[in-house]
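Inside the fold
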There are 2 protein chains.
Amino acid sequence: MDNREISQAVIGRLPRYFRYLGELKDEGIERISSQELSDIMKVTASQIRQDFNNFGGFGQQGYGYKVEYLYEEIGKILGLNRSHNLIIIGAGNLGQALANYMNFERRGFLFKGIFDKNPALYGRKIRSMEIRPMEEMEDFVRKNGIDIAVLTIPKTEAVAVAERLVEAGIRGIWNFAHVDLNVPRDVQVENVHLSDSLMKLTYNISSFENGI
Amino acid sequence: MDNREISQAVIGRLPRYFRYLGELKDEGIERISSQELSDIMKVTASQIRQDFNNFGGFGQQGYGYKVEYLYEEIGKILGLNRSHNLIIIGAGNLGQALANYMNFERRGFLFKGIFDKNPALYGRKIRSMEIRPMEEMEDFVRKNGIDIAVLTIPKTEAVAVAERLVEAGIRGIWNFAHVDLNVPRDVQVENVHLSDSLMKLTYNISSFENGI
DNA sequence: AAAATAATGTCAATTCATTGACATTCCCTT
DNA sequence: AAGGGAATGTCAATGAATTGACATTATTTT
């Protein structure tokens with residue numbers, strides 16, 4: 001594998017390739033050309049080939065790509081070939097929804113615990129997992145090899161909690177709090193700022209109505 | 001206001017500006033230069049000025065930007081100066097969490113109804129709003145001037161439901177279903193693909209560990 | 001009131017991302 | 001086994017986004 005850095009623009013497209021390839025695989029389709037994939041996904045065939053080539057290229061000239069192989073390889077690139085232990089910080093509406101959702105388990109994301117600062121919730125169970133006090137968080141991360149913390153707490157608390165998680169050796173933070181976290185370079189943060197997303201939507205609605 | 005199209009790269013940054021300016025405003029700060037904002041937000045001052053100038057420029061040379069004014073203007077650009085009526089389709093974990101969350105009300109997003117196809121849920125209340133059957137959806141959209149539909153249903157159903165919403169005259173869809181929707185150009189779609197986001201996180205974790 | 005200062009708005013330069021073109025390679029058929 | 005066809009991998013060209021530089025203009029100070 002190549003060592004030069006891949007642009008986030010490319011990374012951002014990988015999950016979508018992965019999804020379409022998964023669907024093709026499920027449909028029993030064994031091979032596909034960049035042109036066919038281009039038609040389905042509505043991106044240029046050139047971009048598809050360019051993107052895959054960032055990782056060395058997975059195709060065979062004159063033939064195309066083997067769907068299953070390509071699917072597996074992209075999965076590996078995305079780090080889905082191994083499982084990830086995750087905890088959820090904040091047992092509010094969103095935290096509980098994510099805990100209960102967990103279609104993610106299929107992809108190797110193992111829900112290991114959920115924490116909240118509200119004593120009234122301690123011991124209450126979510127998917128046979130009792131809600132734990134925040135004080136136990138660092139210990140839990142260390143003892144259970146937790147990779148990923150999902151932050152579904154108010155922004156006023158998120159920065160401090162993130163610091164504690166970093167201290168405890170977390171590798172990645174999936175941040176739903178509406179604040180930018182400042183972490184060292186060896187900890188990855190992926191933000192899901194729902195209200196930002198909603199604002200983009202209203203911008204596009206307004207902008208369309210005010211005539212383009 | 002200018003008529004040429006603004007790039008989505010710029011639009012994507014506006015909510016973040018809006019958030020920081022809101023915080024500055026709450027702190028009672030009245031004016032700020034692009035350089036100061038640059039230090040806080042960790043983007044180049046040049047980009048800040050360039051971004052604002054897409055909309056004509058809101059500053060005063062030699063002085064900087066008036067925080068409150070800039071905040072208001074960006075709010076307008078984002079379409080937050082008027083309210084939006086929204087409904088949630090799918091009363092599962094995520095749908096209910098979003099209905100209950102609704103910090104969004106502060107920004108003028110008015111939660112008007114929630115729908116589900118499961119009869120067992122009909123009449124059950126979420127924030128004093130009873131869950132309605134899917135059959136009533138189109139009528140409800142038309143009669144209540146609904147702008148935005150939030151899709152929190154399985155991907156297998158999302159495409160068909162989106163078509164029905166379009167038919168009923170929806171303006172925007174906030175899509176949490178893990179599928180790409182195909183809608184006419186006068187309907188805006190904003191996707192929130194949570195699993196894609198999580199995969200980006202694991203990519204970055206793996207990629208860091210495999211050494212850059 | 002005039003000069004000095006400060007910071008915008010804007011243009012040009014650079015960097016990054018996407019698209020297009022095609023030579024190369026591999027598969028498949030005869 | 002050899003040749004034709006098909007589609008990749010890759011290079012070059014284009015286009016978009018970001019950064020840098022500075023002239024201009026407003027504010028502030030003397």
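Residues numbered from 1 in each chain as written. Chains lettered and ligands numbered in written order. Predicted model: local features only at pLDDT ≥ 70, side-chain atom pairs only at ≥ 80, totals over all residues. Heavy atoms only, no water.

Focus on the relation of the copies chain A and chain B
Laying chain A over chain B is done by rotating through 180° and shifting 0.0 Å along the axis; what remains is an RMSD of 0.1 Å. Expressed as an axis order, the relation between the two copies is that of a two-fold axis. Closest approach to the rotation axis within chain A is made by the C-alpha atom of Ala97 of chain A, at a distance of 3.2 Å. (Least-squares fit on C-alpha atoms with pLDDT ≥ 70 in both.)

So, the interface of chain A and chain B
At the junction of the two partners, chain A supplies 65 residues and chain B supplies 65 residues. Across the chain A/chain B interface, buried area totals approximately 5600 Å², and carbon plus sulfur atoms make up 63% of it. Viewed at the interface, chain B and chain A are joined by 12 salt bridges. With a shortest N-O distance of 2.8 Å, Asp180 of chain B and Arg16 of chain A are connected by a salt bridge. Across the contact surface, chain A and chain B share 22 residue pairs in polar contact (both at pLDDT 80 or more). Sort the elements by how many residues they give to the side of chain A that touches chain B and helix 8 (residues 194-209) of chain A lands first, with 15 residues. (Contact = heavy atoms within 4.5 Å. Buried area = accessible area lost by both parts, 1.4 Å probe. Salt bridge = Lys/Arg side-chain N within 4 Å of Asp/Glu carboxyl O. Polar contact = N/O pair within 3.5 Å; in protein donor to acceptor, adjacent residues only side chain to side chain. Helix = DSSP H or I, 4+ residues; strand = E, 2+ residues; numbered from the N terminus.)

Examining the sheet that holds strand 7 (residues 148-151) of chain A
The mixed open sheet is built from 7 strands, whose spatial order is 5-6-4-3-7-8-9 (chain A). Across the chains shown, the open sheet's two edge strands, defined by having one partner strand only, are strand 5 (125-126) and strand 9 (188-191) of chain A. Pairing geometry for strand 7 of chain A and strand 8 (residues 172-175) of chain A, over 4 bridges, is parallel. Of the residues in strand 8 of chain A, the one forming a bridge with Val150 of chain A is Trp174 of chain A. Sheet strands touched by helix 8 (residues 194-209) of chain B: strand 3 (84-89), strand 4 (109-116), strand 7, strand 8 and strand 9 of chain A. Its angle to strand 9 of chain A, the strand with the most contacts, is close to 165°. (Pairing = 2+ DSSP bridges. Axes fitted to C-alpha atoms, helices over the stretch in contact; angles between N-to-C directions.)

A look at unusual backbone geometry
Its identity as a non-glycine residue notwithstanding, Ser128 of chain A has a phi of 55°, on the positive side. Relative to the assigned elements, Ser128 of chain A resides in the loop between strand 5 and strand 6 (129-133). In this structure Ser128 of chain A comes out as exposed when scored by relative accessible area, which is 64%. Residues other than glycine seldom take positive phi values, yet Arg127 of chain B does so here, at roughly 50°. You can see Arg127 of chain B is positioned in the loop between strand 5 (125-126) and strand 6 (129-133). By relative accessible area, Arg127 of chain B is classed as partly exposed at 34%. (Buried < 20%, exposed > 50% of the residue type's maximum accessible area, 1.4 Å probe, protein only.)

A short note on the pairing of strand 8 of chain A
All names here are of chain A. Along strand 8, one buried face is formed by Gly172 and Trp174 and the opposite face, lined by Ile173 and Asn175, is buried too. Following the chain from strand 7 across helix 7 (residues 155-167) to the adjacent parallel strand 8, one finds a crossover that is right-handed. When strand 8 meets strand 9, the two strands line up parallel, connected through 4 bridges. Looking across to strand 9, one finds that Gly172 is bridged to Gln188. (Right-handed = clockwise from strand over helix to strand, strands pointing away.)

Examining the protein's contact with DNA strand C
Around DNA strand C lies a shell of 26 residues, among which Ser46, Gln50 and Gln61 of chain A together with Ser34 and Gln61 of chain B are the nearest. Counted by atom, the contact set of DNA strand C within 4 Å of the protein is 63% sugar and phosphate. Taking Gly59 of chain B, its main chain carries an N or O atom lying 3.0 Å from a phosphate oxygen of DNA strand C. Mapped by element, the contributors of at least two residues to the surface near DNA strand C are helix 3 (45-53) of chain A together with helix 3 (45-53) of chain B. Ranked by residues supplied to the surface near DNA strand C, first place goes to helix 3 of chain A with 4 residues. Tallied by class, the residues present in the surface near DNA strand C amount to 4 nonpolar, 18 polar and 4 charged. (Near = heavy atom within 4 Å. Nonpolar A, V, L, I, M, F, W, Y, C, P; charged D, E, K, R; others polar.)

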